[in-house]
Amino acid sequence: MYKKLFKILVFFLLVGVLIFPDSSFAFKSVTRDQIVYDAIEFCPVELQAYLRNNIAIVSAGIHFAERHQRRSYSINPYETEVVYNYLIKDLREGKYNKFNTAHAFGVIACFIAETISPDNYRTPQHLIPNNVSYDGYHKVGDIKSHITSLIKDYRIPGRKKMKKGITELLYNVAVNEIVDYWVSAWEEGGYQTGMFASAGEKISHKNFVLNQKAAGG
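Because the structure is predicted, anything quoted here is derived from the model rather than measured. (Residues numbered from 1 in each chain as written. Predicted model: local features only at pLDDT ≥ 70, side-chain atom pairs only at ≥ 80, totals over all residues. Heavy atoms only, no water.)

Asker: For the nonpolar core, give the residues involved together with the corresponding values.
Answerer: Grouped together as the largest cluster of nonpolar side chains are 52 residues, with contacts concentrated most on Leu47, Leu51, Tyr84, Phe105, Ile108, Tyr181 and Trp182. Counting only elements with at least two residues in this core, the list comes to helix 2 (26–42), helix 3 (45–53), helix 4 (55–62), helix 5 (64–67), helix 6 (80–92), helix 7 (99–116), helix 8 (143–158) and helix 9 (164–188). With 12 residues, helix 9 is the single largest residue contributor to this core. What Leu51 contacts, discounting residues up to four positions off in sequence, is Ile40, Cys43, Val58, Phe105 and Trp182. (Core = buried A, V, L, I, M, F, W, Y, C linked by side-chain atoms within 4.5 Å. Buried < 20%, exposed > 50% of the residue type's maximum accessible area, 1.4 Å probe, protein only. Helix = DSSP H or I, 4+ residues; strand = E, 2+ residues; numbered from the N terminus. Contact = heavy atoms within 4.5 Å.)

Asker: Requested: an account of the pattern of salt bridges, with residues and values cited.
Answerer: Using the criterion set out here, one finds eight salt bridges in the structure. Close ionic contact of Arg92 with Glu188 constitutes a salt bridge, the shortest N to O distance being 3.2 Å. Placement of Arg92 in helix 6 and of Glu188 in helix 9 is noted, with a sequence separation of 96 residues between them. Under the relative-accessibility criterion, Arg92 is labelled exposed at 56%. Relative accessible area serves as the criterion here: at 31%, Glu188 is assigned to the partly exposed category. Residues joined by salt bridges that share partners form a network here, namely Lys89, Asp90, Glu93 and Lys95. (Salt bridge = Lys/Arg side-chain N within 4 Å of Asp/Glu carboxyl O.)

On their own, these measurements won't tell you what the molecule is for.
In structure tokens, the structure reads:
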């Protein structure tokens, strides 16, 4: 079942990149890109280097949901496990430099972000907080139960809430959860992480316009 579902996901990934390489969902794109950049900042050094070297592919992956909105494809949070398991499989098989491996990191980020907050925020300022704080590494365990907790704790109570305190919380949770999934997959795939960021480390977005320029936005 997983193999069949993963083939479908990979098909959508490749078609999306080929058909909509420059798709613009303006009110989401900058926010999603920033989530990727922030998550990479909190990754341990070895994984951080890999993700930075493949930043264009990883960033394309986090736009998976946007690229397929026009084809009536909606994210099923529980399919996160499918992508996660196949990412681990590819890493274990040495497919370190393959497109689908780097892209899967981005797709996992997309699924986690959609699981926590699937709402369409009209401007980046609705979601991107002034500061993002790292809460430390938490190894991913049972994914189904964990996804259920994210839905219960954040997705349901946070739906269609535009209060800054709520959107900042959702953004922080998304970044930290993405880091946990990335690091867990990397380790399960047999790779060393290197030095971790310290819990409590912060990223400032006070110069957000500069961040956009540095990201090519």
